Amino acid sequence: MSLNEIKEEKVKELQEVIREYLPEQKGPQKVIMEAMEYSLMAGGKRLRPMLMLETYRMFGGDSEIIRPFLAAQEMIHTYSLVHDDLPAMDNDEYRRGRKTTHIVYGEDMGILAGDALLNYAFETASKAFEMDPQKAQLIGRAIRIMAEKAGIRGMLGGQVVDVASTGKKIDKETLDFIYRLKTGALIESSMMIGAVLAGACEEEIRTVEKIAANIGMAFQIQDDILDVTSTTVELGKPVHSDEKNEKTTYVTLLGLDGASREVERISEEAIQLLSALPAENPYLNWLVKELVHRRK
C-alpha cells in the first residue's frame, strides 16, 4: 500500500472510533444528538486524532485508553468549527463540502450543538479511567492538557483575539499569537496527549509540544494560502472568506511567496525536531509534510 492509501485506512479507522463514542439518539432532546452526529461525521482529515494516535504509537503506547481521547479531541475540534461558522463569527454556509450545522438545524441548535460537543468530549475522555484505573495519573494529566489547550490560554483565547481583531490591521506578532493559540493549541494538545498516555518522559513531551506548535503554525499559514488559491469545491468550504471578513493573514502581510516560504521553513523545523526524538514513526514524518502542503 502507498502512504496515501495507508492514510485513507487510518482515517476510516478513526471514523469508526469516533462513531463508537457518539451518544445514542433518544429522549426529548434527541435533536441535539442528531446535530452532534451531523457535525462530527461530516468527514474531514481527522488530523488531530491521527496525530494523537501516531504520537502514542511512536512512544510505544498500546492500550485502549487512547480511544476515548481520539474521539474527544475531534469533538472539541468540531465544536469550534460549528461555532466558527455561526453568523456572529465567520457566517459560513458550507463546511467540509456540505451545509453548516446552523444552516441545517438553525442558529439556536448550532450554538447548542457546539456546547454539547464540548461537554460530551470530557464525558468521553473520562471513560479512560474505567478502562485502566492504574493509569489514572496519566489520564488525569491528559484531560488537563486537553482542557487547557482548548480554553482561555489555548484555542478559545486565540479565537477571542481573532474576533476582536476582525476588520483591523494587526501586526505579525498579534497574528502569530492568534495562530499559535487558535490553530496550534489543539494540535499541541493532540500530540502531547499521545506522548503522555504512552509514558513519554518530560523532555520528550516538551519537544513534542514544540513540534506540534510548528505544525499548527505551518498548517494555518497554508490555510491562508488555500483561501486565495483554491476553489470552494476543492477546499470544501468558501474561499476568500478571510477577505470577506477583513482579516489580516500571512498572505496579506507577506504575499503568497513569502507565506509559502514560511510554511517551508516552519515545517522543516518540525521535521528536524521530530527526527531528533529517540522514538521513530516514518509515517508521522510523512504525514506532517503531507498536511502542510495539502491542497484542501
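Residues numbered from 1 in each chain as written. Predicted model: local features only at pLDDT ≥ 70, side-chain atom pairs only at ≥ 80, totals over all residues. Heavy atoms only, no water.

Student: Describe in detail the packing of helix H8 (residues 136-150) against helix H11 (residues 184-197), supporting the description with residues and values.
Tutor: Each packed pair of helices is defined by two parameters, the angle between the axes and the distance between the axes. At a minimum axis distance of 9 Å, the contact between H8 and H11 shows a crossing angle of 175°. One element, H8, and the other, H11, form an angle in the roughly antiparallel class. Residues Leu138, Ile139, Arg141, Ala142, Ile145, Met146, Lys149 and Ala150 of H8 form the contact with H11, whose participating residues are Ala185, Leu186, Glu188, Ser189, Met192, Ile193, Val196 and Leu197. Per-class residue counts for the contact of H8 with H11 are 12 nonpolar, 1 polar and 3 charged. (Axes fitted to C-alpha atoms, helices over the stretch in contact; angles between N-to-C directions. Helix = DSSP H or I, 4+ residues; strand = E, 2+ residues; numbered from the N terminus. Parallel < 35°, antiparallel > 145°, perpendicular 65-115°, else oblique. Contact = heavy atoms within 4.5 Å. Nonpolar A, V, L, I, M, F, W, Y, C, P; charged D, E, K, R; others polar.)

Student: Please set out helix H9 (residues 155-165) residue by residue, giving values where relevant.
Tutor: Along H9, the residues that are buried comprise Met155, Gly157, Gly158, Gln159, Asp162 and Ser165. Check the buried side of H9 and you find it contacts helix H4 (66-84), H8, helix H10 (172-182) and H11. Positive backbone phi, at 85°, marks Gly167, one or two positions downstream of H9. (Buried < 20%, exposed > 50% of the residue type's maximum accessible area, 1.4 Å probe, protein only.)

Student: Could you give an account of the pattern of salt bridges, naming the residues involved and the relevant values?
Tutor: Taken as a whole and assessed by the stated rule, the structure comprises 23 salt bridges. The partner of Arg144 in a salt bridge is Glu148, and the shortest N-O contact between them spans 2.9 Å. Taken together, the positions of Arg144 and Glu148, both in helix H8 and 4 residues apart, correspond to about one turn of that helix. For Arg144, a relative accessible area of 57% translates into the label exposed. It is possible to trace a salt-bridge network through shared partners that takes in Arg141, Lys149, Glu188, Glu202, Arg206 and Glu209. (Salt bridge = Lys/Arg side-chain N within 4 Å of Asp/Glu carboxyl O.)

Student: Summarise the environment of Leu86; cite the residues concerned and give the values.
Tutor: You can see Leu86 is positioned in the loop between H4 and strand E1 (94-95). Setting aside residues up to four positions removed in sequence, Leu86 forms contacts with Asn91, His102, Glu107, Gly110 and Ile111.

Student: Quick rundown of unusual backbone geometry? Include the residues and the values.
Tutor: Look at Arg46: it is not a glycine, yet its phi comes out positive at around 55°. By relative accessible area, Arg46 is classed as buried at 1%. Here Arg96, not a glycine, exhibits a phi torsion of approximately 55°, which is positive.

Student: Break down the nonpolar core for me, with residues and values.
Tutor: Counting 71 residues, the largest nonpolar core has Phe59, Phe69 and Leu197 as its most contacted members. No other element matches H4, which puts 9 residues into this core. Setting aside residues no more than four positions away along its own chain, Phe69 makes contact with Met52, Ala125, Ala128, Ile139, Ala142, Ile143, Met146, Ile193 and Leu197. In this structure, Leu175, Tyr179, Ile225 and Tyr250 belong to the second largest nonpolar core, which totals 14 residues. (Core = buried A, V, L, I, M, F, W, Y, C linked by side-chain atoms within 4.5 Å.)

Student: Can you tell me about the environment of Ile187, naming the residues and giving the values?
Tutor: In this fold, Ile187 is placed in helix H11. On the basis of relative accessible area, Ile187 is assigned to the buried category, the value being 0%. For the pair formed by Ile187 and Gly216, sequence separation is 29 residues and the distance between their alpha carbons is 6.1 Å. Ile187 has contacts with Leu47, Arg48, Leu51, Ala212, Ile215 and Gly216, leaving out every residue within four places of it along the chain.

Student: Break down a nonpolar patch on the surface for me, citing the residues and quoting the values.
Tutor: Taken together, the side chains of Ile152, Leu156 and Val160 present a nonpolar region at the surface, about 280 Å² in accessible area. Checked against the element boundaries, Val160 lands in helix H9. Of the residues examined, Val160 reaches a relative accessible area of 52% and is grouped as exposed. (Patch = residues over 30% accessible without salt bridge, like charges linked within 9 Å, V, L, I, M, F, W, Y side chains within 5 Å. Areas by Shrake-Rupley, 256 points an atom, 1.4 Å probe, with all protein chains shown as cover.)

Student: Report on the packing of aromatic side chains, specifying residues and quantitative values.
Tutor: Summed over the entire model, instances satisfying the criterion amount to 3 aromatic pairs. The cationic tip of Arg98 hangs over the ring face of Tyr38; the distance from NZ or CZ to the ring centre is 3.8 Å. (Phe/Tyr/Trp six-rings, centres within 6.5 Å; stacked < 30°, edge-to-face > 60°. Lys NZ or Arg CZ within 6 Å of the ring centre and 35° of its normal.)

Student: Pulling in residues and values, what's your account of helix H15 (residues 250-276)?
Tutor: The end-to-end C-alpha distance of H15, which contains 27 residues, comes to just 29 Å, noticeably less than the 39 Å that a straight helix rising 1.5 Å per residue would cover. At Leu256, H15 is deflected by roughly 95°, the largest bend along its length. Listed in full, the buried residues belonging to H15 are Tyr250, Val251, Gly258, Ala259, Glu262, Val263, Ile266, Ser267, Ala270, Ile271 and Leu274. Buried residues in H15 make contact with helix H3 (47-58), H10, helix H12 (202-229) and helix H16 (282-292). N-cap assignment for H15: the residue whose side-chain oxygen lies 3.2 Å from the backbone N of Val251 is Thr249. (Expected span 1.5 Å × (residues − 1). Bend = angle between axes of the 7 residues up to and from the residue. Polar contact = N/O pair within 3.5 Å; in protein donor to acceptor, adjacent residues only side chain to side chain.)

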